Amino acid sequence: MTIANDALAPDLGQLPMDRRARRIPVWAWLLVAFMLISFARVVTGSNELDSAGTLREAITAFIPIALAGLAGLWSERAGVVNIGLEGMMILGTIGAGYFGTFYGPWQAVIAAMVFGAVGGALHALATVVFGVDHIVSGVAINIMAVGVAAFLADLWFSGLQGGGPTQSPPVEGPASINLTGVSDWAKTVEDKHWFAVSDLASVVGALTHDLSLLTVVSVLLVLATYLILWKTSFGLRLRSCGESPGAAETLGVNVYRYKIYAVLVSGAIAGLAGGFIVLVGAGLYQNGITNGRGYIGLAAMIFGNWRPGGMLLGAALFGYTDALQLRAGGGAVHALLIVIAIVLLVYGIFQLRKGARVAGIVTVVAAVLFALWFFLTKEVPADFTRMTPYVATLFVLAFSAQRLRMPAADGLRYRRGEAG
Amino acid sequence: MRLRGIGKRFPGVVANHDIDIDVRAGTVHAVVGENGAGKSTLMKILYGVQKPDDGTIEVNGAPATMSSPADAIKLGIGMVFQHFMLADNLTVLENVVLGAEKLYGIGDKARAKVEEISRTYGFGLDPDQLVEGLGVGERQRVEILKVLYRGAKVIILDEPTAVLVPQEVDALFANLRELKKEGHTLIFISHKLDEVLAVADDITVVRRGTTVASVRPADVTSRKLAELMVGSELPSPNTEESTVTDEEMLELDHVTLEDASARKLLDDVSLRIRRGEVLGVAGVEGNGQTELTEVVMGMRHPTRGHVELADADITGWSTKKRRESGIGYIPEDRHRHGLLLDSPLWENRILGHQTREPSVKGMWIDRAGARKDSERIVEGYDVRTPSIETTARALSGGNQQKFIVGREMSSDPVLLVASHPTRGVDVGAQAAIWDHIRDARRRGLAVLLISADLDELIGLSDSIKVILRGRFVGDFDPQSVTPEQLGSAMTGADGAGKED
Amino acid sequence: MLKRIVIGAAAPVLAIVIAMVITIVILLMSGNSVSGFMSTIFSAPGPRNVVNIINNSSVLYLSALAAAIGFRMNLFNIGVEGQYRVAVFAAAAFAGQGWLPGPLNVAVAFVVAILSGALWAAIAGVLKVTRGVSEVISTIMLNAIAVSLTAYLLRKWGHVVGNSLQTKAVPKDSWVPGLDVIPGAPNEVLGLTLVAVLAGVAYWVLLNRSRFGFELRATGSSATAAVASGIDVRRMVVTAMIISGGIAALVGLPLLFGDTHSYGTTFQSGLGFAGIAVALLGRNNPVGIAFGSLLFAFLVEQSSLLEINAGISNDIVSITQGVLVLSVVVAYEIVRRYRQAAEQRSVAEQLAPVDTKQEVAA
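As the structure is a prediction and not an experimental result, all values here were calculated from the model.

For the rest of this paragraph, the subject is the overall build of chain A. When its secondary structure is counted, chain A shows 16 helices and two strands. For chain A, whose C-alpha radius of gyration is 22 Å, the value lies close to the compact-globule estimate of 22 Å for 420 residues. Taken along the three principal axes of its C-alpha coordinates, chain A extends 65 × 65 × 35 Å. Taking all 420 residues of chain A together, the buried fraction comes to 55%. Long-range pairs, those at least 24 residues apart, make up 77% of the contacts in chain A with a sequence separation of at least 6.

Domain annotation of chain B identifies domain 1 (2-230) and domain 2 (248-491). Spacing between the C-alpha centres of domain 1 of chain B and domain 2 of chain B amounts to 33 Å.

Let us look at the packing of helix α4 (residues 85-102) of chain A against helix α12 (residues 255-282) of chain A. Residues and elements named next belong to chain A. Between α4 and α12, the least distance of the axes is 7 Å, while the angle of their chain directions is 50°. Regarding the angle of α4 to α12, the classification is oblique. Crossing handedness for the pair α4 and α12: right-handed. Contacts between α4 and α12 involve L85, M88, M89, I90, L91, G92, T93, G95, A96, G97 and G100 on the former and, on the latter, G267, A270, G271, L272, A273, G274, G275, I277, V278 and L279.

Residues and elements named next belong to chain A. Confidence in the prediction of chain A, expressed as mean pLDDT, is 83, and 91% of residues score 70 or more. Of all the helices and strands in chain A, helix α1 (residues 5-8) carries the lowest mean pLDDT, 50, while α12 carries the highest, 95. Here residues 9-22 scores under 50 on pLDDT; set against residues more than four positions off or in separate chains, the count is 19 contacts.

As a further point, take helix α2 (residues 34-41) of chain C. Residues and elements named next belong to chain C. Those residues of α2 that sit buried are F37, T40 and I41. Along α2, the residues classed as buried sweep out an arc of 90° about the axis, all on the same side. Counted as exposed and oriented over 90 degrees from the buried face of α2: S35 and S39.

The next subject is the sheet that holds strand β14 (residues 304-309) of chain B. Residues and elements named next belong to chain B. If you walk across this open sheet you meet the four strands as β12-β11-β14-β15, and the pairing is antiparallel. In the strand order of this sheet, the two ends are held by β12 (264-274) and β15 (312-313), each with one partner. Judged from the five bridges that link them, strand β11 (residues 248-258) and β14 form a sheet pairing that is antiparallel. Bridge pairing in β14 places D253 opposite H306.

This part takes up the sheet that holds strand β19 (residues 415-419) of chain B. All names here are of chain B. Strands sit in the order β16-β19-β20-β13-β21-β22 across an open sheet of six strands; the sheet is mixed. The two strands at the open ends of the sheet, each matched to only one other strand, are β16 (327-330) and β22 (471-476). Strand-to-strand, the axes of this sheet are offset by a mean angle of 20°, without reference to chain direction. With four bridges connecting them, strand β13 (residues 278-282) and strand β21 (residues 463-468) associate as parallel partners. If you follow G280 over to β21, its bridge partner there is I464.

Counting from both sides, the interface comprises 45 residues of chain A and, opposite them, 46 residues of chain C. Counting only elements with at least two residues in the side of chain A that touches chain C, the list comes to α1, α5 (105-129), α6 (134-157), α13 (293-303) and α16 (382-399) of chain A. For the side of chain A that touches chain C, the element with the highest residue contribution is α6 of chain A, accounting for 15 residues.

All names here are of chain A. The first and last C-alpha atoms of helix α2 (residues 26-44) sit 27 Å apart over 19 residues, in line with the 27 Å expected at 1.5 Å per residue. Where α2 is concerned, the buried positions are S38, A40 and R41. Down the axis of α2, the buried set is contained in an arc of 160°. They therefore lie on one face. With respect to the buried face of α2, the exposed residues turned more than 90 degrees away are A28, L31 and V43. Looking one or two places after α2, you find G45, whose phi comes out positive at around 70°.

Here the focus is the pairing of strand β3 (residues 28-32) of chain B. All names here are of chain B. Counting buried positions along β3 gives five out of five residues, so the element sits mostly inside the fold. Covered by surrounding structure in β3 are V28, A30 and V32 together with H29 and V31, the residues of both alternating faces. Both β3 and strand β8 (residues 185-190) contribute to a ladder of five bridges, which runs parallel. Counted as the bridge partner of V28 is L186 from β8. The pairing of β3 with strand β9 (residues 202-207) spans four bridges and is classified as parallel. Each residue of the ladder has a partner; that of H29, found in β9, is D202.

Before going further, it helps to examine the environment of G79 of chain C. All names here are of chain C. The topology assignment puts G79 in the loop between α3 (47-72) and α4 (80-97). Since 34 C-beta atoms lie within 10 Å of it, G79 is described here as buried. Separated by 24 residues in sequence, G79 and N55 have C-alpha atoms that sit 22 Å apart. Look past the residues within four positions of G79 in its chain and what remains in contact with it is A121, A124, T139, I140, L142 and N143.

About the criteria used
Within each chain, residues carry numbers counting from 1 in the order of the written sequence. Following the order in which they are written, the chains are lettered starting with A and the ligands numbered starting with 1. The predicted nature of this model means local features are confined to residues of pLDDT at least 70 and side-chain atom pairs, given and counted, to a pLDDT of 80 or more, with totals for whole chains, interfaces and linings taken over all residues. Every helix listed is a DSSP run of H or I at least four residues long, and every strand listed is a run of E at least two residues long, numbered separately from the N terminus. When we talk radius of gyration, it's over C-alpha atoms, and the globule rule is simply 2.2 Å times the number of residues to the 0.38. Residues with at least 20 neighbouring C-beta atoms inside 10 Å of their own are called buried, those with 12 or fewer are called exposed, and the rest are partly exposed, where every C-beta is derived from the backbone. Remark: residues whose backbone-derived C-beta atoms lie within 7 Å of one another are considered to be in contact. The split of the chain into domains comes from an automatic or database domain assignment. The axes used here are C-alpha line fits, helices contributing only the stretch in contact, and every angle between their N-to-C directions lies in the interval 0 to 180 degrees. Here is the rule for angles: anything less than 35 degrees is roughly parallel, anything more than 145 is roughly antiparallel, 65 through 115 is roughly perpendicular, and the remaining ranges are oblique. By the definition used in this description, the sense in which the near helix is turned from the far one sets the handedness, with an anticlockwise turn below a right angle giving left-handed and a clockwise turn giving right-handed. Confidence of the predictor in every single residue is expressed as pLDDT, which spans 0 to 100. Each C-beta atom gives one direction from the helix axis, and the arc is the one those directions make. Paired strands, as defined in this entry, are two strands with at least two bridges between them according to DSSP. One fewer than the residue count of a helix, multiplied by 1.5 Å, yields its expected span.

Below, the structure is given as C-alpha cells:
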C-alpha cells in the first residue's frame, strides 16, 4: 500500500491517547460553526449564507458525502481500504436510474444498494480472497464502474422520452416530509434577519420542508452504524479485524468472513449514496453525476478519525461549502472568506501559544491573506467557487494529520495462519 | 494430553517429525529446545493454528482434531503467545472478550468476570484501560487472563520469559504455581534451562524437529539438559584478552530526544566507545534502545546534545553521510530495515552502500561489481543460498543475517551498530556472527551492541550499560556481573532510574 | 528460460481471456450481436486507423509512464489528468504568444509544460511528506481544481473560437510536422510520438541502471529499509512525484503541437485515467506498458465502428478495459504468490542435503 507515514517521519507520529486534547464533542463544534456563520451573515448582509434554501441544498449535498464516508468507515474499520467507493457509488446511480425510471422510488433505493454491493463483492474478492493491494483494486473498480454505467445508460435510456444515451428521464424520488405550518412560521422569523435567532429559524425551516425520507433513513443508518460497531459483539469482532487481525484469528474470529461482510456493507451504503444523488439530488441519472463525492467522503472519514461523529462533521463541512457555491454563487462564498480568516486566526494563536512558532506564523499569515482577499474583492469568481469543496478537502486533510489514529491494520494484506 | 508421531512440513522445510509427548494433568510440563528446533510450530499445532501432516493428539484420553483455535478453545486449551496478540487500540476488556462474547456478553457481566480473575490471581489489571498503555509484564498477564476467561484447563505458554527480566520471571512463576494449585495443566516452551529446572515437573527435549528425551528435573543437571538440546558443544560467548585501545571512536554527549509531546525518549545519555571496544547496552525492550540506534544512525536527530564520530561532530549528519563515514548497521528487524525481501541477493548487497564501490560507479549501478562482491560475501560468511540471484525472502533467517553482517563488514567500518544481531538465528549462525564480531574487534572495530540476550552481552562486551526509561542507570563489568544484577538494574528494582 | 516467459505471460493472457469472456456474457445479456462485436473489433484496421492507433497509443504510453513511476515508488499518482491539463495550458499559453521563433518556441514550451506539471504534482508530494495527506485523495482533488483553474484562466485570457474558448493559436512556424509513414493514410503520425519512445527508454535506463533508480525502487519496496540504508525517503517521495508530473506534462504536447495548436475547453481529457489503467496492465514495465497502450488504443479505435457496424454502444469497450485491469491485477497476484512458493521450495531442495538445521521460527 502507499508509503506509510511512520516511515516518512517518526515525528509525524500520533500523540499518545492520554495526552490528546480532551475530545471536544461534535455538537460543540456545530455550535461554534453556527455562531460564526451567523456572525458573518449579519456583518456582510449576505443572507444566502444560511438561508433555509441554502441549508436544504446543504443537506442534499451533505448526505451523499456522509453516506460515502460511512461506507468507507465500515470497510476501513475492518482493515480494507476502499478507494473504489466512487465506483460503487456510480453503480448505485445507474441502478437507481434504471429502477427509478421503470419502477418506483423505493425499488430504486434497494437497487442502488444492491448494485453498490456488487461492486463491494468484487473488491472483497480481489482484496480478501486474492490478496490484491487494496488501492490498486479500488482504482480498477472505479475504472470498470465508469464503463459499466456508461454502457448501461446507453443501453437502457437511449430513445426514451426525456432521456438519452447518457442520461435517464426524470425519476421520482421518495416522499418528503413537509410540515408546512412550521416552515412557514420559520420563514417569517428568518426574514427578520436577527442574529442567531433567525439562523436557528432557517435550520428549522430546512428540516421541516422538503426533507426527504431518504435523508432520515441515512441519518438512522449513521446511528445504527455507531451502535452496531461499538456496542455489539459483531462490531467488536469487525473492528478487531482492522486493529489486529492476528489477535482476532487466534481467538477464533474468522477474519476473512468479517472483512467480506464489511466490504459488502460498504458497497451497499456507497450504492445508497449514489442512489440518493440520483433520486433526491438531481432527480435523474447522468453520466458522471457523482463528480468525485466518493473521494470527498473518504476525506470526511479521515477527518472524523474513523468515527461516525467526526465523519458527519467533515461531511457537513464539505456539503455546506458545496451547496453554498452551487446555490448562492460568488457573493455568499465571498462572505465565507471572513469566516475562514477568523478560524485561521484563532487556530494560529492557539498554535503560537503551544509553542509551534513556524506553523503558527504560517497560519496567522494565511488568516491575514484571507481577510485581505475578503476586503479587496466583491465576489469570488464562479470557477473558484466550484473548487471550494475540493480545496476544503485538501485544507482539512492537511490540518488534521497529527491527531489521527487509523485502525492499526488498515490496508495491510492479511493471510490466514500468519498469527503467532 | 498425549501427542504421538506428530509431523509437519512446509515448502522445503521439515519443521516437526515423530514427536511424542505425554503431559500429565495438573503438572507444569516444559518443552525445551534451541531456536529453530521446531517448538513454535509444535505449539501452533497444539493450538489449532496449524494442522499436523502426521500423527495424533489425545486430550483427556479422547482423540482430538483441531482445525482452528476455536476447536482448541472448546477442548479447554488456551495459548499465551510469545509475541502478544493484542490490539493496542482496544481496551483490556475488549481484548479479553473478543471471540468469547457468548460467555458473559460484552458489558458489565464480562467486566465483573475479568475483575474477578484479576483479583484471584493478583494480576492487577483495569478492564477499561487501553492495552497500548500497558507494560510488557502486564500485557502478558492480559494474555493469561484471556485464556482463563475462556475456562482453559490446559495453558500453553510459548517462551513466556523471553521478554521478562529475572524479577518478573519470578512473579510469573509464582502465578504459574498458583494456577497449578487450582488444577490447571501448564505446558511451557523455553530454551532457558535454569528456569525450566526451577519450575517444571516434567521436561521434554526437542531437537531438530523431533523429541529426543523425556526427563524429570530431579534426574538431570543443567549441563546434561543442554547436551541433550544441542547435541554438541555449546557456543561460548566468552571473551579473551582485551583489545580496547585509547582512541575514541563514538561519543554521545548528553543526548536527549523528545517526541512530539515532549516525552523524553532518551534522557541525557552519554557514552564513549573506543576502537577495539564492544559496549553492550542491556534493557527491557521499549526503554529507548531503538531510539538510541536511530540517533547514532542519523534516522532521528537529538533534541539536545551531540554525537561525535572520531572527533567530528556528526549530530546534524544524514544517515547516508554517516554510513559513508564508516558506520555499519545490523538492524534488529532485518526484514523491515535490513533487506529488500523481494529483490535478489546481489541487489541487497547495494542496499546501504549505494554511494560506494563496488556497487556503484558514479551515478550508475555497477551490476558486475555488486554481483562479484556478493559472491565473495556468500563464500566468506558461509551464507547458504543456491545463488546470488535468489530472492532474499527465500533464505532462512540465519543466512539472511549472515549476509547482512558480511555486507556491513565489507566497507571496513570503523563503528558497528549491532542491534539484537542474533535474534531469531539458529545456533550455528549465531556462533559464526559472534566470531566475525570478535575478529573485527581485534582489528580495531568499535561496536555498539544492543541485545536482550544477557549471555550474548556478558560474553561479547567489554563493558555493559543498562538503559531504563531512556536513561543509563548502571555500568557493569561483564567479568564480574551476574544476570540478577543486570535484571535488577533493567527493571529499576534497585531504585536506580526512578523518575524524580 | 522458456518457463520464465510462460509464467511472465501467464497473467496478462489469463486476464485477456477473462475480459473477453465477460464481455461476451454482457453482450449476450444485453441482446447484442457477439459476432458483430467480434468481427468489428478483430477486423484489420485500415491505414488511417493505424495512424490513429499509433498516435493514441503513444499518448497513452506517456500517461502510463507517468503513473508507473509513481507506482514503482508505491505512490498512487491519480493526478496525471490534472497535471497534464495544467501543463498543456501553460505550454499553449506560452507558445501562443510567439515570443520566440519556431523550434525554439517549441523547446521552451516543453520546458514550461514540464515545470508546470511537475509543480502541480509537487503540491501533492509536499502535502504527503509534511502533513501525511494521502496522495490518492490529494491528487484527485487537484485534478478537479485544475479543471476549474484552467477554465478560469481561459475565461480571463482566452479567445472565443467557434463555440469554445481557446488559447491564442501557436504560430505556424512552431507547428511540429507529422510523419507520413503509413502508406495510404490521409492523416499523419504526430511528430512528437517519438517523444514517447525516448521517454520509455529513459524510464528503463533510469530505473534499472542508475543509482537514483535503485533508491527509488528500494523506497517503493520497503520504505523502512530505505531509511535505514541512508535514503532520504521524504525527498524521494517529492522527487518521484515531480518526475511523474513532469512526464505527465508530456501527454498533451503531441496533440498541442501537431494537431490542435491551442488549448481549449474541447481539448481531449480522460487520458490520465486511461494511463493508470495501462500502467497497471503493463505491470509498470516499459515494454509491458507499450503492449498495453497499443492494445487499449487498438480497442478504442476499432470500437468507434461498433455503433455503425453492429449497433453496439462503444462503451462496451470501456467495460472490457475495466475488467481487463481488474483481472490482470488479480492474475498477477496469483502468479506472484505461486512464484514465491516455487522459489522457496527450490531453494530448500537445493540446500537440503547440506544444511539440515533450517530456521523454522523467529
